[in-house]
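Tertiary structure, described
What follows is the residue order along each chain.
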Amino acid sequence: MEYQLYRNTTLGNSLQESLDELIQGSLNTDRFCDNVWTFVLNDVEFREVTELIKVDKVKIVACDGKNTGSNTTE
Amino acid sequence: MEEDAYLELYLDRCAAQDDLAPAMSHLFSPVVPYDVYLSNQSSPETVFNSHLSGIKELSNDFSSVDLSFLPDELTQGNKDQNVTRNQHEIEEKYKTQNQQSKLASPGKQDTELGSNGSSLSNSHSHLYPDGADSEDSSPEKTNSDTLSLSSIASMTPMNPVSECSGIVPQLQNIVSTVNLACKLDLKKIALQAKNAEYNPKRFAAVIMRIREPRTTALIFSSGKMVCTGAKSEEQSRLAARKYARVVQKLGFPARFLDFKIQNMVGSCDVKFPIRLEGLVLTHRQFSSYEPELFPGLIYRMVKPRIVLLIFVSGKVVLTGAKERSEIYEAFENIYPILKGFKKA
């Protein structure tokens, strides 16, 4: 559970880089405070089967929940 | 350039273990600005601090206290690039010098490296006439040194080619610390800074990242900071300054005290497989090899005090260095030993 400490290690850095790559360079910022993750992404494409939505800026706020995580985007 | 200084100083030390006073040892520390230390024999940190506190006395305005004494980021970035370029040049030259390992007449473009390369090749023989005295007087860098060194080099015999490895270890990671000298509100930093993590339940520091140079910093509420992930001394310093600037822009009176490189990690490849079992038998007092625990042999070199991880494949990791030269020196020390344990 005490993973925070390892964020600064080689592994942690690699994971962070993977996160950046996964979002394919769109990740502007990431923040974690009070158990709340905040991501800001730029130039994002939301693709569903029928629809395609392109957006300049997406802010994702994610909380860690025991039962479910709640996500909101604006 | 500073990067010039590293290699040259390492070579000087090899060359002049007995006779030459390490007049330029203070140049070793990667503390900037370079020119401040040329005329000052005291430790870089104290010079740096006195310089810094001198400026602080002049101005009450915190924002001008900040990093204004340091070149602005643009210049620093350029300087860093130049330094990196020079660093590469130096590494290449170091490599070619190693391969030649002859007393080529110092009629090269870069006479410093020419003569120093020759003196490196003689480092093991310790045969230096007392003509090196002229170096003691001058705290200034190179010109007088190169002339005296070139005369020394022409007088001393050369070492056989096999003693020089021709391989330069590449730095992979630098860990450094710096004191921002003010109490910090970590929550505020985590909420306002761009790429920051803060989970006080798990770890009592803000973990911040920047993209260029790609590094991670641990920032503590005491104002102390650890910066990891840089590939060179200058990059580590630049990154630490960038973090300090971020903190400062958030409204804290951050300073930049006691920047110190705590650890440097390098790696390289000897390009042949190694008999680790043989090595641990003959170098029992330095080695520990437990293949069931870890596939690499852990070699704890005494001088310089460096730990090497040596693998069957021929790859070598060197760590525990405070200075670049220690990595180079450790590898030059281990290379002939490893050659003796080449497989098949």
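Residues numbered from 1 in each chain as written. Chains lettered and ligands numbered in written order. Predicted model: local features only at pLDDT ≥ 70, side-chain atom pairs only at ≥ 80, totals over all residues. Heavy atoms only, no water.

**Regarding the overall build of chain B**
To keep things clear, this is the line we draw: A helix here means a DSSP run of H or I that spans at least four residues, while a strand means a run of E at least two residues long, and both kinds are numbered starting from the N terminus. Exposed residues in this analysis have more than 50% of their type's maximum accessible area, buried residues have under 20%, and partly exposed residues fall in between, with area computed by a 1.4 Å probe over protein chains only. By the convention used here, residues are in contact when the closest approach between their heavy atoms is within 4.5 Å.
The helix and strand inventory of chain B stands at 12 helices and 10 strands. Every one of the 344 residues in chain B was classed for burial, and the buried ones make up 53%. Of the contacts made within chain B by residues no fewer than 6 positions apart, 65% connect residues no fewer than 24 positions apart.

**Brief notes about the packing of aromatic side chains**
Note the following rule: Stacked, edge-to-face and tilted are the three classes for Phe, Tyr and Trp ring pairs, Trp counted by its six-membered ring, which pair at centre distances within 6.5 Å; planes under 30 degrees apart are stacked, over 60 edge-to-face, the rest tilted. Whether a charge sits over a ring comes down to the Lys NZ or Arg CZ being within 6 Å of the ring centre and within 35 degrees of the ring normal.
For the structure shown, the criterion picks out 8 aromatic pairs over all chains. Centre to centre, the rings of Phe203(B) and Phe220(B) are 5.9 Å apart; their planes meet at 75°, and the pair counts as edge-to-face. Here Phe203(B), found in the loop between β2 (196-198) and β3 (205-210), pairs with Phe220(B), found in strand β4 (residues 215-220); they are 17 residues apart in sequence, far enough to count as distant. The partly exposed category is assigned to Phe220(B), whose relative accessible area is 25%. Here the aromatic residues Phe32(A), Trp37(A) and Phe39(A) are joined through ring pairs into a cluster of three or more. In this structure, Lys188(B) is placed above the aromatic ring of Phe252(B), and the distance from its NZ or CZ to the ring centre is 4.9 Å. Sitting over the face of the ring of Phe256(B), Arg241(B) holds its NZ or CZ atom 6.0 Å from the ring centroid.

**Some remarks on helix α12 (residues 324-340) of chain B**
Rules: Under the convention used throughout, the expected extent of a helix is 1.5 Å for every residue step, that is, one less than its residue count.
Between the first and last C-alpha of α12(B) there are 25 Å, a value that for 17 residues agrees with the 24 Å anticipated at 1.5 Å per step. Burial in α12(B) covers these residues: Arg324(B), Ser325(B), Glu326(B), Ile327(B), Tyr328(B), Glu329(B), Ala330(B), Phe331(B), Glu332(B), Ile334(B), Tyr335(B) and Leu338(B).

**What about the pairing of strand β9 (residues 306-310) of chain B?**
On a regular strand, one side chain projects to one face of the sheet and the next to the other, so that they alternate. Residues and elements named next belong to chain B. What counts here: Pairing between two strands requires that DSSP report at least two bridges joining them.
Here β9 shows a buried face lined by Ile306, Leu308 and Ile310 and an unburied face lined by Val307 and Leu309. Where strand β8 (residues 297-301) and β9 come together, 5 bridges link them in antiparallel fashion. Considered in β9, the bridge of methionine 301 is made with isoleucine 306. Taking the residues between adjacent antiparallel strands as the criterion, β8 and β9 are bridged by 4 residues. Summarising the sheet, β9 and strand β10 (residues 315-321) pair through 4 bridges and their orientation is antiparallel. Bridge pairing in β10 places leucine 308 opposite leucine 318.

**What to know about the pairing of strand β5 (residues 224-230) of chain B**
Residue and element names in this part refer to chain B. As paired elements, strand β1 (residues 170-179) and β5 share 6 bridges and run antiparallel to each other. Across the sheet, the residue bridging to valine 175 is threonine 228, located in β5. Relative to β5, β4 is paired through 4 bridges, and the arrangement is antiparallel. Residue pairing across strands places threonine 216 opposite threonine 228, the latter belonging to β5.

**A short note on the pattern of salt bridges**
Residue and element names in this part refer to chain B. Rules: Between Lys or Arg on one side and Asp or Glu on the other, a salt bridge is scored when a side-chain nitrogen of the former is within 4 Å of a carboxyl oxygen of the latter.
Across all of its chains, the model carries 7 salt bridges over all chains by this definition. In this structure, the salt-bridge partner of arginine 209 is glutamate 197, at a minimum N-O distance of 2.9 Å. Of this pair, arginine 209 sits in strand β3 while glutamate 197 sits in strand β2, placing them 12 residues apart in sequence. Classification of arginine 209 by relative accessible area gives buried; the value is 13%. Here glutamate 233 ties to arginine 324 by a salt bridge, and the two come within 2.7 Å at their closest N and O atoms. Separated by 91 residues along the polypeptide, glutamate 233 in helix α10 (residues 233-249) and arginine 324 in helix α12 bring together distant segments of the chain. With relative accessibility at 1%, the residue glutamate 233 sits in the buried group.

**Things to note about the confidence of the model for chain A**
Which entries qualify depends on this criterion: Scored between 0 and 100, pLDDT is the confidence that the predictor attaches to each residue.
Mean pLDDT over chain A works out to 77, with 66% of the residues at or above the 70 mark. Mean pLDDT across the elements of chain A ranges from a minimum in strand β4 (residues 71-73) of chain A, with 53, to a maximum in strand β3 (residues 52-63) of chain A, with 93.

**Examining unusual backbone geometry**
All names here are of chain B. In this structure, the amide linkage connecting glutamate 212 to the following residue, proline 213, adopts the cis form with an omega of -5°. Turning to its location among the elements, proline 213 is positioned in the loop between β3 and β4. Omega for the peptide link from lysine 303 to proline 304 comes to 0°, which places this bond in the cis form. Counting through the fold element by element, proline 304 comes out in the loop between β8 and β9. Positive phi, close to 60°, is recorded for alanine 181, a residue that is not glycine. Its location among the elements puts alanine 181 in the loop between β1 and α9 (186-192). Accessibility expressed as a relative area gives 32% for alanine 181, which makes it partly exposed.

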